[in-house]
Amino acid sequence: MAAAGSAVGLGNVWRFPYITGKYGGAAFVLIYLAVVVVIGMSVMLAELAIGRKAKLDAVGSFRKLMGGAWPIVGWMGFFCGFVILSYYAVIAGWTMAYMFKSFGGLMGEAAAGKAGDVFGAFVSDPVLTVVYLCVVMAVVIGVVYRGISGGIEKSCKVLMPALFGILIILIIRSVTLPGATEGLRFYLLPDFSKVSGEGVLAAVGQGFFSLSLGMGIMITYGSYLGNHENMPHMTRIIVCLDTAVAIMAGLVIFPAVFAFGVDAGAGPGLTFVTLPIVFSKMPMGGFFSFAFFALLFIAAFTSAISLFEVVVTYSIDELHWSRAKSAIVMGLAITLLGVPSALSVGGHIPQIFGKDFLDAADFVTNNVVMPLGGMLIALFVGWFWTKGATDEVTNNGELNFKYYTAWLWICRVIAPLCIALIFINGLKW
Ligand code: PFF
């Protein structure tokens, strides 16, 4: 459940819809599903196996199981955790702000067709966006500082059903809006002429981001698993939950996007512009808006904690810092790095070769480092630590893992080859 809590977050409700909108809708969704089933599931199982065997964080696990240059994969994870959290906390801050805005006139403005202006004014406010970033980071630092992340798993057991429940209500509202069919068509009827190499790379990046893969989080969570747990089964549950939330979020956003004439390719603001309009068309819209953004905030929070745990665990294990020092020093550094992201969406700082700072940080981690990390993890279990991995995923032969051969060859050839090809064809700034 903690792993599912790490996976389900802003990636599903904020990032998945806007990336789907940007890369053409249904065809992108199909490619995304293929990536998740073939590459995502295999890499997740590989990570869990590595962690359960080594019982350590990612750097330590690679050092213990193989040594050589392999711990670098763990360090790549440290880099990703650091950079992703810096902008993830910015978006989590937006979610928190929208929670409060739900009762503060947001419904009226959205009903009057001004949801886009409200969002624009909010992200252009340099003080507010930075203050929200600091508040989010303060809470994240506080929880990790005191080492009380243990409560995360319990909160997931309540949060997940609640999030599903509210998404179902929203889907019903959204698909019954006049003009919703056009959105359903965009989201569900593929048009493969819109697919590009860049789009396929974006699907891989989104798969890794959404499932929290390629950076050692699942290695760390695997290290807590008992030796008799059925990891292939667990992998299926995490992937299904995560994918279900993303697909449901799309079913809320796209019918509404077309019904209200919002631009599907609007970018990171898509969810924040569309949802308030949906809420404003519901009885008790303010209440639903508050409940939804509060749930989304908690989902984001569990993911943020997992990102920060990676950074803090590495500084404890590798730099030999205390938990308190790691949490404070790393937390402050991440907050500082978050400031340019927070300011960039409102256009307060110059772009980096045509990309906002936030987009640039997102691009480097999701489209470059995470897929590369996933590729190395797949190669590691496929070719270098094969016997150990085989024993792990089958619980030393106790478990009949039907897809073992498929999994092995995906790790050996299919996943690395796909990622390499996609890199060559799709890596465009
Ligand atoms: N999977 C999270 C989401 O979809 O929001 C984000 C995330 C968490 C990415 C942890 C990476 C990670 F290590």
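Look above for the structure.
This write-up is about the structure you can find in this document. (Residues numbered from 1 in each chain as written. Predicted model: local features only at pLDDT ≥ 70, side-chain atom pairs only at ≥ 80, totals over all residues. Heavy atoms only, no water.)

## Concerning the overall build of the protein chain
Test applied: Working definition: helices are DSSP H or I runs of at least four residues, strands are E runs of at least two. Numbering for both runs from the N terminus. Just to be clear, the radius of gyration here is over C-alpha atoms, and the globule rule we use is 2.2 Å times residues to the power 0.38. For each residue, the accessible area found with a 1.4 Å probe, counting protein chains only, is set against the maximum for its type, and the residue is called buried under 20%, exposed over 50%, and partly exposed in between. Contacts are assigned to residue pairs with any non-hydrogen atoms lying within 4.5 Å of each other. Accessibility throughout is a Shrake-Rupley quantity obtained with a 1.4 Å probe, and a residue counts as covered only by protein chains that appear here.
The helix and strand tally for the protein chain stands at 19 helices and 0 strands. What you see for the protein chain is a C-alpha radius of gyration of 21 Å, in line with the 22 Å of a compact globule of 429 residues. Overall, the C-alpha framework of the protein chain stretches about 60 × 50 × 45 Å when taken along its three principal axes. Here the protein chain holds 429 residues, and the buried ones make up 60% of them. The long-range fraction of contacts in the protein chain, counting pairs at least 24 apart against all pairs at least 6 apart in sequence, stands at 82%. Accessible area for the protein chain stands at about 15,800 Å²; split by element, carbon and sulfur atoms hold 69% of it.

## A closer look at the environment of Thr 235
Following the sequence through the fold, Thr 235 ends up in helix α13 (residues 231-259). Along the chain, Thr 235 and Ser 322 lie 87 residues apart, while their C-alpha atoms are 32 Å from each other. If we skip the residues at most four places from it in the chain, Thr 235 touches Met 41, Met 44, Leu 45 and Leu 48.

## Details of helix α5 (residues 71-101)
Under the convention used in this document: A helix is expected to reach a length of 1.5 Å times the quantity of its residues less one.
Between its terminal C-alpha atoms α5 stretches 45 Å, which fits the 45 Å expected from 31 residues at 1.5 Å a residue. The buried fraction of α5 is high, at 26 of 31 residues.

## Details of the pattern of salt bridges
Any two side chains of opposite charge can pair, on the condition that their charged atoms come close. Which entries qualify depends on this criterion: Salt bridges are counted wherever a side-chain nitrogen of Lys or Arg sits within 4 Å of a carboxyl oxygen of Asp or Glu.
In the structure shown here, the tally under the stated rule is 6 salt bridges. Across the pair Asp 362 and Arg 15 runs a salt bridge whose closest N-O atoms are separated by 2.6 Å. Residue Asp 362 is found in helix α17 (residues 357-384), and its partner Arg 15 is found in helix α2 (residues 10-22); the two are separated by 347 residues along the sequence. For Asp 362, a relative accessible area of 5% translates into the label buried.

## Overview of the site of the ligand
So the rule is basically this: Being near a molecule or strand, for a residue, means having at least one of its heavy atoms within 4 Å of it. Here a polar contact is recorded for every N or O atom pair within 3.5 Å, except that within protein the pair must consist of a potential hydrogen donor and a potential acceptor, and residues adjacent in sequence are included only if both atoms are side-chain atoms. In this classification, the charged set is Asp, Glu, Lys and Arg, the nonpolar set is Ala, Val, Leu, Ile, Met, Phe, Trp, Tyr, Cys and Pro, and all remaining amino acids, among them Gly, are polar.
Neighbouring residues of the ligand: 16 residues in total, closest Ala 7, Gly 11, Tyr 88, Phe 209 and Ile 217. The contact in question runs from a nitrogen atom of the ligand to an N or O atom on the side chain of Ser 212, over 3.0 Å. At the level of elements, α1 (2-7), α2, α11 (197-210) and α15 (285-317) are the ones that each hand at least two residues to the shell around the ligand. Across the shell around the ligand, the residue classes tally to 8 nonpolar, 8 polar and no charged.

## Some remarks on the nonpolar core
Applied cut-off: As used in this record, nonpolar core signifies buried Ala, Val, Leu, Ile, Met, Phe, Trp, Tyr and Cys residues forming a set joined through side-chain atoms within 4.5 Å.
Phe 292, Phe 308 and Trp 407 are the most contacted members of the largest nonpolar core, which totals 164 residues. When sequence neighbours within four positions are dropped, the list of residues in contact with Phe 308 reads Leu 85, Val 140, Ile 141, Val 144, Ala 327, Met 330, Gly 331 and Ile 334.

## Some points on helix α4 (residues 58-65)
Burial of α4 is extensive: 6 of the 8 residues sit out of reach of the surface. All buried positions along α4 are accounted for by Ala 58, Val 59, Gly 60, Ser 61, Phe 62 and Leu 65. Its buried side turned inward, α4 meets α3 (26-54), α5, α12 (217-222), α15 and α17. Its side-chain oxygen placed 3.1 Å from the backbone nitrogen of Val 59, Asp 57 serves as the N-cap of α4.

## Some thoughts on the packing of helix α8 (residues 126-145) against helix α16 (residues 323-344)
Short version of the rule: Helix axes are fitted only over the stretch in contact, all axes being lines through C-alpha atoms; the angle between N-to-C directions runs from 0 to 180 degrees. An angle below 35 degrees is treated as roughly parallel, one above 145 as roughly antiparallel, one from 65 to 115 as roughly perpendicular, and anything else as oblique. Handedness of each helix crossing follows the sense of rotation of the near helix against the far helix: counterclockwise by less than a right angle gives left-handed, clockwise gives right-handed.
Axis separation between α8 and α16 bottoms out at 9 Å; the angle between their running directions is 160°. Considering their axes alone, α8 and α16 lie roughly antiparallel with respect to each other. Seen from above, α8 lies across α16 with right-handed handedness. Between α8, through Pro 126, Thr 129, Val 130, Leu 133, Cys 134, Met 137, Ile 141, Val 144 and Tyr 145, and α16, the contact on the second element is made entirely by Arg 323, Ala 324, Ala 327, Ile 328, Gly 331, Leu 332, Ile 334, Thr 335, Gly 338, Val 339, Ala 342 and Leu 343. Within the contact of α8 with α16, the residues separate by chemical class into 16 nonpolar, 4 polar and 1 charged.

## Details of the side chain of Thr 129
Mapping Thr 129 onto the fold places it in helix α8. Relative accessible area serves as the criterion here: at 2%, Thr 129 is assigned to the buried category. There is a polar contact of 2.8 Å between the side chain of Thr 129 and the backbone oxygen of Asp 125. Other than its neighbours up to four places away in sequence, Thr 129 contacts Trp 94, Phe 122, Val 123 and Ala 342.

## Some details on the environment of Pro 276
Tracing the backbone through its elements, the reader meets Pro 276 in helix α14 (residues 270-280). Judged by relative accessible area, Pro 276 falls into the buried class, the value being 1%. Through-space distance from the C-alpha of Pro 276 to that of Ala 138 is 27 Å; in sequence the pair is 138 residues apart.

## Some points on a nonpolar patch on the surface
What counts, and what does not: Patch rule: a residue counts if its relative accessible area is over 30% and it has no salt bridge; like charges are joined within 9 Å, and nonpolar side chains (Val, Leu, Ile, Met, Phe, Trp, Tyr) within 5 Å.
A contiguous nonpolar surface patch, about 1,000 Å² in accessible area, is contributed by Val 37, Val 38, Met 66, Trp 383, Phe 384, Trp 409, Val 413, Ile 414, Leu 417, Leu 421 and Ile 424. Contributions of two or more residues to the nonpolar patch are made by α3, α17 and α19 (404-426). With 6 residues, α19 is the largest single contributor of residues to the nonpolar patch. Among the structural elements, Ile 424 can be located in helix α19. On the basis of relative accessibility, which here comes to 68%, the residue Ile 424 falls in the exposed class.

## A word on the packing of aromatic side chains
This is how the line gets drawn: The aromatic pairing rule takes the rings of Phe, Tyr and Trp, using the six-membered ring of Trp, and pairs them if the centres are within 6.5 Å, calling planes under 30 degrees apart stacked, those over 60 edge-to-face and the rest tilted.
Taken as a whole and judged by the stated rule, the model has 33 aromatic pairs. Aromatic pair Trp 94 and Phe 272: ring centres 5.4 Å apart, planes at 85°, arrangement edge-to-face. Linking Trp 94 in helix α5 with Phe 272 in helix α14, this pair joins segments that are 178 residues apart in sequence. Trp 94 gets classed as buried once you look at its relative accessible area, which sits at 1%. Residue classification places Phe 272 among the buried positions, given a relative accessible area of 1%. Counting every residue linked through ring pairs, the aromatic cluster contains Trp 94, Tyr 98, Phe 119, Phe 122, Tyr 132, Phe 272, Phe 279, Phe 292 and Phe 293.

These results come straight from atomic positions and should not be treated as a statement about function.
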